[in-house]
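Working through the structure, step by step
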Amino acid sequence: MGLRSGSRRRLDQETQTPTQGVLGRLGAVRRAQQITTYGVGSMVAIGDQSFLVSGLDSWKVGRDFDIREPRLESDLGVRGFHLPPASDPPAGDGVRVRRFPTTYSCQGCGALKPYNGFNSPKGRGHCGQCDRTVTPSRFIVACAKGHLSEFPYWEWTHRGREATASRSTDRCRMKLISTGRTASLRSIVIQCSCGKKASLEGAFSSKEMKRLEIRCEGRRPWLGGDAGQPDCKEGVQALQRGASAAWFPVLRSALTIPPWHKALMQLVMRREHRRHLVGKEDAVIAEYALDEGWLADGRYTRTDIIEAVRTLEAAECEVDADPENPDVSELADALRIEEFRQLSSTTEDIPDNEHFVCVPADVTPDSPAVPGIGQTMLVKRLREVRALTSFTRVTAPTPSDPPGRRARLHRGGISWLPAIEVIGEGVFVRLDTDRLRAWEATVESQPAGTRIKGLRQRHLKMLHDRGDTQPQSPVSARLVLVHTLAHALINEWSLDCGYPAASLRERLYVSDEMAAFLLYTATSDSAGSLGGIIAQGQPERLASSLESALRRGCWCSADPLCMEADASGTDGLNLAACHACVLLPETSCELNNILLDRALLVGSPELKITGYYSQADE
């Protein structure tokens, strides 16, 4: 995917000035990164420049959708999905970017001002006075609602808004001076021509910003200069330009399950065929299928094709008419319930089942019993569609976040979202229901019950602090147990079968009726096609890897501090969990490495906690 600037008029203000009406290619990132790393509203560094990926309104996409996934479309209230534009014509026109931050500093004279104020020679980012390179500001400010602004150097130097009334940008000339005495912010000094100066020490403190009455201005520069929300009264948090907290994607995904997994359904949904089929009479559909040669080899019948078209039509009628507030990702919503049912049943391995094949593990009379596991299914083929729905700043998103914390990808009037599709395989594991319920009844009266109640209270407080007036937390002993077991197995499989942990992912199914997880590889790079994960679901391999994972889980190099922790991790939303035991790469965990506790998995005699797996099981 290529990165390009916008129109000439826009470029004169916010992006590099072109020689033609539209600027050529600035750089390139992979299409998958446009969903996970460099999506709408994120910053991307290109050479010594910094740009902000523009909103969907500026994307050049066709009228026909690139990806169809009816279940996900209905859930998000959209009509379809587009791949991020490709980098070069005729495949595509790239993605527009805007210059951000616009404040630059000169490495020679230290001048701190807008990029256009340096009088740089055409095509060069140099200071017009000393001919030294100018670099984008290292610091920005953002608020919890996703707004983004330049760092308020003037307000910081003049100590807040008390002096705002007397501000004169024409007479005040700012400089950034680095003393080099230390590596701390104390060595970075902002100096004004009026005589005021201040170091950046304390700039990353939200309390100091509040004390100086520096608040969010509601700017949304990725949507344009006139797309702000000036009524925002949130406090701001200073961030480094390249900090991970500057942009967190909010992704929504779905597996392609029956009936959408069939090759015929995928054929009918293809953009070049769909317009000739949907809404047409049976005779017209049959005639088109005959002309396309679909009936020639006997693979499909006239009835098969008509039924497929009618199924697609029915699904499109169910699309939510209000795409403004798409549902957040939940562990027990309609999408997960449908997937749980399909993963729990057999879908045969036949050619027409192109995107979903799920069969039981090979169990023989000599196969070892896998303790605590009620069912294991081998998902030999799966397709996952991942869509970027919004993003957050400052704090990572959680499944229960209020919608107000999530920033929009466009101004409005767009009925699609950017998405990618990935193909992989996996193992579906469902816990033994009887054993699980007996264990839950046991831990309720133990110290483990108190630990879970405390974890739930901290989660509710976090949701309340983020603006949810009626927070509802999914935290339970069952969720924490299922989540921790999934992490333990991913860590073990990454050692046992050669996959990097970052190429394995979890998908949780947790409710009063569900307690299961899918561990799968579905990635767009070569690590997703290594093969071999299916073998981990066979009884012999699963029993062996589970035993090894539990043995590792009994001890952590950070014990006893790790096991005895009452709260750890982000917002105190973990218990006995750290990077030395069960935490995973960010791409592998759908809950951002929170709600984990080894004690519920393996137990702790010292803490008088009975784990789901006793010593006898190990």
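Above: the structure in question.
Residues numbered from 1 in each chain as written. Predicted model: local features only at pLDDT ≥ 70, side-chain atom pairs only at ≥ 80, totals over all residues. Heavy atoms only, no water.

We now examine the pattern of salt bridges. Here the structure, examined in full by the defined rule, presents 25 salt bridges. Between Glu384 and Arg507 there is a salt bridge whose closest N-O contact spans 3.8 Å. Of this pair, Glu384 sits in strand 18 (residues 373-392) while Arg507 sits in strand 20 (residues 505-510), and the two are 123 residues apart along the sequence. Assigned by exposure class, Glu384 and Arg507 land together as buried. Between Glu440 and Arg478 there is a salt bridge, with its nearest N and O atoms 2.9 Å apart. With Glu440 in helix 11 (residues 433-444) and Arg478 in helix 13 (residues 477-496), this pair connects stretches of sequence that are 38 residues apart. One salt-bridge network, in which partners are shared between bridges, spans Arg71, Glu338, Glu339, Glu384, Arg386 and Arg507. (Salt bridge = Lys/Arg side-chain N within 4 Å of Asp/Glu carboxyl O. Helix = DSSP H or I, 4+ residues; strand = E, 2+ residues; numbered from the N terminus. Buried < 20%, exposed > 50% of the residue type's maximum accessible area, 1.4 Å probe, protein only.)

Its location among the elements puts Arg98 in strand 6 (residues 95-99). Using a relative accessible area of 10% as the deciding quantity, one classes Arg98 as buried.

Moving on, we get to the state of the cysteines. When the sulfur atoms of two cysteines share a covalent bond, that bond is a disulfide. Tallying each qualifying case throughout the model produces zero disulfides. Here Cys232 stays unpaired: no disulfide links it, and the sulfur of Cys216, its closest cysteine neighbor, is 3.7 Å away. Accessibility expressed as a relative area gives 4% for Cys232, which makes it buried. Free of any disulfide, Cys581 has its nearest neighbouring cysteine sulfur in Cys578, separated by 3.6 Å. Using a relative accessible area of 16% as the deciding quantity, one classes Cys581 as buried. (Disulfide = S-S within 2.5 Å.)

With that out of the way, let us pick up the sheet that holds strand 7 (residues 103-106). The strands that make up a sheet pair up through hydrogen bonds in the backbone, lying either parallel or antiparallel. Taken in spatial order, the six strands line up as 9-7-8-12-13-14 in an open sheet, and their pairing is antiparallel. With partners counted over all chains shown, the strands left at the sheet margins are strand 9 (134-136) and strand 14 (197-199), one partner each. Looking at each pair of strands side by side, their axes are set apart by 30 degrees on average, direction ignored. Here three bridges tie strand 7 to strand 9, and the two strands are oriented antiparallel to one another. Residue pairing in the sheet places Tyr104 in a bridge with Pro136 of strand 9. (Pairing = 2+ DSSP bridges. Axes fitted to C-alpha atoms, helices over the stretch in contact; angles between N-to-C directions.)

Covered by surrounding structure in strand 7 are Thr103 and Ser105 together with Tyr104 and Cys106, the residues of both alternating faces. In this structure, strand 7 lies alongside strand 8 (residues 111-114), joined through three bridges in antiparallel fashion. Bridging across to strand 8, Thr103 finds its partner in Pro114.

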